[in-house]
Structures are given as C-alpha cells and as structure tokens.
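Listed below, chain by chain, are the residues.
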Amino acid sequence: MNPVFEKVKKSYDYIRTVTDFTPEVALVLGSGLGEFAKHMEVECEIPYSSIEGFPVSTVAGHDGRFLFGTVEGVKTVIMKGRVHYYEGYPVTDVVLPTRLMIMLGAKKLILTNAAGAVNTSYKPGDLMMITDHISTIVPSPLIGENISEFGTRFPDMSNVYSKRLQDVVRKSAKEVGVTLREGVYMQFSGPAYETPAEVKLARLLGADAVGMSTAIEAVAANHMGIEICGISCFTNMAAGILDQPLSHEEVSEAANKVSHIFESLVKNIIKNI
Ligand code: HPA
C-alpha cells in the first residue's frame, strides 16, 4: 500500500474505533479563530495527539483536536488547529487531516485562515472569500506516486473554490451584514513573514492576500473531488505596506477582535451550505 495512503487509512481506522460519525461539512479553523467551536453541539472530541503518527502543531495557541457534532443542525467535523508546512512536517502530513476528514465522509470543505492584506484597498479586520490561490512556492502534496483512491494523476484546478459555494458565501455574508472582500490567496512557506519585496511579488502575480496555509489543503481536497470554499481574515497589512513590523501576537490579537463577525459568517455558511 502507498505509505501516504496507509497513514491516512490508519488514522481513519483509529477514528472509527472511537466514533462512527459521518460529517457532511469539514471546517478548518485558522489561527485565532478557534473559538468558533462554541457554536457546535459537540458529540465527540479527538485530540490529534491520541492518533498514532498524526502531525501535532508546535505553535503556541494552536490547539489540536477534531470536534464532531452539529452546527446549525448540519453534521460537521471541525479541525481546531492545523499543522503548517513551516513546522517541518512533509506536505503529505500537512494535508493528512484534510484527507482524513474527506475519507470520513465530508462532502464540503470550509478552509479559514489569518492572512496579510496585499491588496491595499483591503484592511485588517476585513474578511475575504478566496476565489483562487497561488501555491507554486510550496511543494504540491500530490507529488509522488498518485494515490488513485483519492483522485487522478493530473487533477483539473480550474475551479478549486466551488462556484456554487462562492454563491453560498456571498449570500451568507449579505444575510449577516458582513462586507465580504474577494480575491486570490497566495501561500508562502513561512515561518518568517514575507519581505516587502515578496509582498510586491505577490501583488504582481495577482495575489490579494498572503498566508502560510490553506492552498495545499485545497490542492489535496480538490484532488479528492469535493466542494471547497475559503475565508481569509485579514489580521494585518502585508509587510512593507505600513511602516511597522509584524508580530504573531498582533496577528492573533487582530483575529480575536473579528472573531465575532467571522463566527456569524461561518455559522451562516454552514446553515446555507
Ligand atoms: N503573512 C503571512 N501569514 C500571515 C500574515 C502575513 O502577513 N498575517 C497572518 N498570517
């Protein structure tokens, strides 16, 4: 068996010894956005650390557990905390939890993250629906022998962020009265924030947001053929736009400040999904 597939399957088999929960929606919570879990009627919790061989986040403030339950009556699995490529895990480990949630039955994936605004008409506190991404700076999680149980060798990437879900997100934002930005997310490897020159590069390439996650998870989920949507929460202007340094504390604090509107948007997306 392909070792990458085997690892996902082993985690799947372990989870199935704990719960037979079949989620409809999978939700990945980005840094500082973890409080969303309070909107779930939790049926079962599984810490990543209880799953043998599972990647565990090393970043302070990044909790690591799966929550299974209902949000607005919809069967959902929440990934509270993700692992990042910069933590040193191979990309296939970084996307393992995403693949696992899809193997457990999720048909729709909502990816969220904290991001820096590259588009200067956007500002900290804004929420942006991801319409497309640039992930070419980080390695593809699909490199290596194709895992045909997941998808085809050369998956189409023309519509990674489902048009139908984009409409759901727009409608949901309107209903809760959130101004929704839209744009392209570019994933950098981190852990250092970008240099001003890299931010200029991102802008030249057409990016509106920069961050250290999400795109490779979307690549893996798209390979498996499910519907994906993504929401970035701008915690700062990307480096070099303002004359001030960036810090993780500032990013977490800014994410916490908008968590309320972020939570109502995501709750409504799940309701309308
Ligand atoms: N760059 C990369 N990742 C981030 C940023 C940023 O400016 N803000 C929050 N996550």
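Residues numbered from 1 in each chain as written. Predicted model: local features only at pLDDT ≥ 70, side-chain atom pairs only at ≥ 80, totals over all residues. Heavy atoms only, no water.

Colleague: Please set out the packing of helix 1 (residues 3-18) against helix 3 (residues 96-103) residue by residue, giving values where relevant.
Modeller: For the pair helix 1 and helix 3, the least separation of the axes is 10 Å and the interaxial angle reads 55°. The angle between the axes of helix 1 and helix 3 places the two elements in the oblique class. Helix 3 is crossed by helix 1, and the crossing has right-handed handedness. Contacts between helix 1 and helix 3 pair Val4, Phe5, Lys7, Val8, Lys9, Ser11, Tyr12 and Ile15 from the former with Leu96, Arg99, Leu100 and Met103 from the latter. Its residues assigned to classes, the contact of helix 1 with helix 3 comprises eight nonpolar, one polar and three charged. (Axes fitted to C-alpha atoms, helices over the stretch in contact; angles between N-to-C directions. Helix = DSSP H or I, 4+ residues; strand = E, 2+ residues; numbered from the N terminus. Parallel < 35°, antiparallel > 145°, perpendicular 65-115°, else oblique. Left-handed = near helix turned anticlockwise from the far one by under 90°. Contact = heavy atoms within 4.5 Å. Nonpolar A, V, L, I, M, F, W, Y, C, P; charged D, E, K, R; others polar.)

Colleague: Before we move on, can you summarise the packing of helix 4 (residues 163-176) against helix 8 (residues 259-272) with the specific residues and values?
Modeller: Running from N to C, helix 4 and helix 8 point in directions that differ by 125°, and their axes come no closer than 9 Å. In this view, helix 4 runs oblique relative to helix 8, as classed from their interaxial angle. Between helix 4 and helix 8 lies a crossing whose hand is right-handed. Of the residues in helix 8, those touching helix 4 at Val168, Val169, Lys171, Ser172, Ala173, Glu175 and Val176 are Ser264, Leu265, Asn268, Ile269 and Asn272. Grouping the constituent residues of the contact of helix 4 with helix 8 by class yields six nonpolar, four polar and two charged.

Colleague: Any details on unusual backbone geometry? Residues and values, ideally.
Modeller: Outside of glycine, negative phi angles account for most residues, and trans bonds account for most peptide bonds. The omega torsion of the bond from Gly190 to Pro191 falls at 0°, within 30 degrees of zero and hence cis. By secondary structure assignment, the location of Pro191 is in the loop between strand 7 (180-187) and helix 5 (196-205). One non-glycine residue, Glu72, lies in the positive phi region at around 55°. Within the element layout of this structure, Glu72 appears in the loop between strand 3 (65-71) and strand 4 (74-80). Given the relative accessible area of 41%, Glu72 is considered partly exposed. (Buried < 20%, exposed > 50% of the residue type's maximum accessible area, 1.4 Å probe, protein only.)

Colleague: Just give me the short version of the side chain of Glu87, but keep the residues and values in it.
Modeller: Looking at the element boundaries, Glu87 is found in the loop between strand 4 and helix 2 (91-94). The buried charged residue Glu87 lacks any salt bridge partner; its closest oppositely charged side chain belongs to Arg82, at an N-O distance of 8.5 Å. From its side chain, Glu87 meets the backbone nitrogen of His84 in a polar contact 2.7 Å long. (Lys, Arg positive; Asp, Glu negative; His and termini not counted. Salt bridge = Lys/Arg side-chain N within 4 Å of Asp/Glu carboxyl O. Polar contact = N/O pair within 3.5 Å; in protein donor to acceptor, adjacent residues only side chain to side chain.)

Colleague: If you had to explain a nonpolar patch on the surface to someone new, which residues and values would you point to?
Modeller: Side chains of Ile137, Leu201, Leu204 and Leu205 sit close together on the surface and give an oily, nonpolar patch of about 400 Å² of accessible area. Mapped onto the elements of the fold, Leu201 is located in helix 5. (Patch = residues over 30% accessible without salt bridge, like charges linked within 9 Å, V, L, I, M, F, W, Y side chains within 5 Å. Areas by Shrake-Rupley, 256 points an atom, 1.4 Å probe, with all protein chains shown as cover.)

Colleague: I'd like a description of the site of the ligand, backed by residues and values.
Modeller: The immediate surroundings of the ligand are formed by Ala114, Ala115, Gly116, Tyr193, Glu194, Val210, Gly211, Met212, Thr235, Asn236, Leu246 and Val251. In this structure, a nitrogen atom belonging to the ligand sits 3.3 Å away from a main-chain N or O atom of Ala114. Notes on the ligand: free accessible area 260 Å², of which the protein chains cover 95%. When residues of the shell around the ligand are traced back to their parent elements, those giving at least two are strand 5 (108-117), strand 8 (209-211) and strand 9 (227-237). With three residues, the single largest contributor to the shell around the ligand is strand 5. For the shell around the ligand, the residue count by class is seven nonpolar, four polar and one charged. (Near = heavy atom within 4 Å.)

Colleague: Provide a residue-level description of the packing of aromatic side chains, including the pertinent values.
Modeller: Inspection of the entire model under this criterion finds seven aromatic pairs. Between Phe66 and Phe68, the ring centres sit 6.2 Å apart and the planes meet at 40°, which makes this aromatic pair tilted. Accessibility assignment for this pair places Phe66 and Phe68 in one class, buried. In textbook terms, an aromatic cluster arises when at least three aromatic residues are bridged by ring pairs, as seen for Phe21, Tyr48, Phe54, Phe66 and Phe68. The ring of Phe21 has Lys75 sitting right over it, with the charged end atom 4.8 Å from the ring centre. (Phe/Tyr/Trp six-rings, centres within 6.5 Å; stacked < 30°, edge-to-face > 60°. Lys NZ or Arg CZ within 6 Å of the ring centre and 35° of its normal.)

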